[in-house]
Amino acid sequence: GSFPITGRSVDSARKLWRAAKGLKQQWTDYAVDQHPLTFAVACKLMLTIREEYDVQGFGALSQYLTVADMCEAGLVTIPTVDEMAIKIHSLGKGGILGLRDLGYLPHSVTKPSRDQVSHAFQNFWDHIEDNLSSEEKIEMAWSPVAAEHTLCKVHRLRRHLLKRT
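Predicted, not measured: the structure shown is a model, and the values here were computed from it. (Residues numbered from 1 in each chain as written. Predicted model: local features only at pLDDT ≥ 70, side-chain atom pairs only at ≥ 80, totals over all residues. Heavy atoms only, no water.)

Enquirer: Please explain the overall build of the protein as it appears in this structure.
Expert: Looking only at helices and strands, the protein features eight helices and zero strands. Listed N to C, the secondary structure of the protein is α-α-α-α-α-α-α-α in terms of helices and strands. Nonlocal contacts in the protein, meaning residues at least 24 apart in sequence, comprise 57% of its contacts between residues at least 6 apart. (Helix = DSSP H or I, 4+ residues; strand = E, 2+ residues; numbered from the N terminus. Contact = heavy atoms within 4.5 Å.)

Enquirer: Explanation requested: the packing of helix 4 (residues 81-91) against helix 8 (residues 144-164) in the structure shown.
Expert: When two helices pack together, you describe them by how their axes are tilted relative to each other and by the distance separating the axes. Remark: helix 4 packs on helix 8, axes separated minimally by 9 Å, with the N-to-C direction vectors making an angle of 35°. The chirality of how helix 4 crosses helix 8 is right-handed. Of the residues in helix 8, those in contact with Val81, Met84 and Ile88 of helix 4 are Pro144, Val145, Glu148 and Leu151. Residue composition of the contact of helix 4 with helix 8, by class: six nonpolar, no polar and one charged. (Axes fitted to C-alpha atoms, helices over the stretch in contact; angles between N-to-C directions. Left-handed = near helix turned anticlockwise from the far one by under 90°. Nonpolar A, V, L, I, M, F, W, Y, C, P; charged D, E, K, R; others polar.)

Enquirer: Can you walk me through unusual backbone geometry in this structure?
Expert: Phi is mostly negative for residues that are not glycine, and the peptide bonds are mostly trans. In this structure, Ala141 takes a positive phi of about 55° despite not being glycine. In this structure, Ala141 sits in the loop between helix 7 (134-139) and helix 8.

Enquirer: What's the story with helix 5 (residues 94-101) in this structure? I'm lost.
Expert: For an α-helix, the turn length of 3.6 residues means that residues three or four places apart are oriented alike. For helix 5, a buried count of seven out of eight residues is recorded, marking the element as mostly surrounded by other parts of the structure. Those residues of helix 5 that fall on the buried side of the exposure criterion are Gly94, Gly95, Ile96, Gly98, Leu99, Arg100 and Asp101. As for helix 5, its buried residues are in contact with helix 4, helix 6 (114-131) and helix 8. Just past helix 5, the residue Gly103 takes up positive phi, approximately 90°. (Buried < 20%, exposed > 50% of the residue type's maximum accessible area, 1.4 Å probe, protein only.)

Enquirer: Is there a simple way to explain the pattern of salt bridges in this structure?
Expert: Pairing of side chains with opposite charge becomes possible as their charged atoms draw close. Under the counting rule described, the total for this entry stands at two salt bridges. The partner of Lys137 in a salt bridge is Glu129, with the nearest N and O atoms 3.2 Å apart. Taking the relative accessible area as the measure of exposure, Lys137 reaches 15% and is therefore buried. Residue classification places Glu129 among the partly exposed positions, given a relative accessible area of 28%. (Salt bridge = Lys/Arg side-chain N within 4 Å of Asp/Glu carboxyl O.)

Enquirer: Help me out: how do you make sense of the packing of helix 6 against helix 8 in this one?
Expert: Running from N to C, helix 6 and helix 8 point in directions that differ by 105°, and their axes come no closer than 11 Å. When the interaxial angle is binned, helix 6 and helix 8 end up roughly perpendicular. Together, Phe121, Phe124 and Trp125 of helix 6 and Pro144, Ala147, Glu148, Thr150 and Leu151 of helix 8 make up the contact between the two elements. Residue composition of the contact of helix 6 with helix 8, grouped by class: six nonpolar, one polar and one charged. (Parallel < 35°, antiparallel > 145°, perpendicular 65-115°, else oblique.)

Enquirer: What exactly am I supposed to notice about the environment of Ile96 here?
Expert: One can find Ile96 in helix 5. Along the sequence, Ile96 and Pro112 sit 16 residues apart, while their C-alpha atoms lie 8.4 Å from each other. Aside from chain neighbours lying at most four places away, what touches Ile96 is Ile88, His89, Leu105, Pro112 and Val117.

As structure tokens, this is what we get:
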């Protein structure tokens, strides 16, 4: 049976598990050389699930969120602000919308360039860095990954609030 999201089915789940088993050796080989894995290497490994194993429903966002969870677990290095800005641009999703909603990107630019997203994300990052104490950032586990997640939530919250008015 299929789930409501296009391309997701029990067959995809089976392919995903086969892909995970196939990637285990690749992951182990990389991890022996460098532990934890870098954000860039982990993202490249996630790409192989879709490309080599043809797993539908495991697109760029699912791949990123998997790597982000691995960052939080300490298996993958936390991305730099620049790496996260590049990922936000390549995803083209909630991070960009959050940057727009907060005024870091103009609403008039429908497809911002990588440089525009990098500049906007750096400005957002700097604003938070300048306005939260070290203790607050530690308490909320502030990182570029948390910043990207925050931007997505900002956009979702804005949409929710607009529906109520």
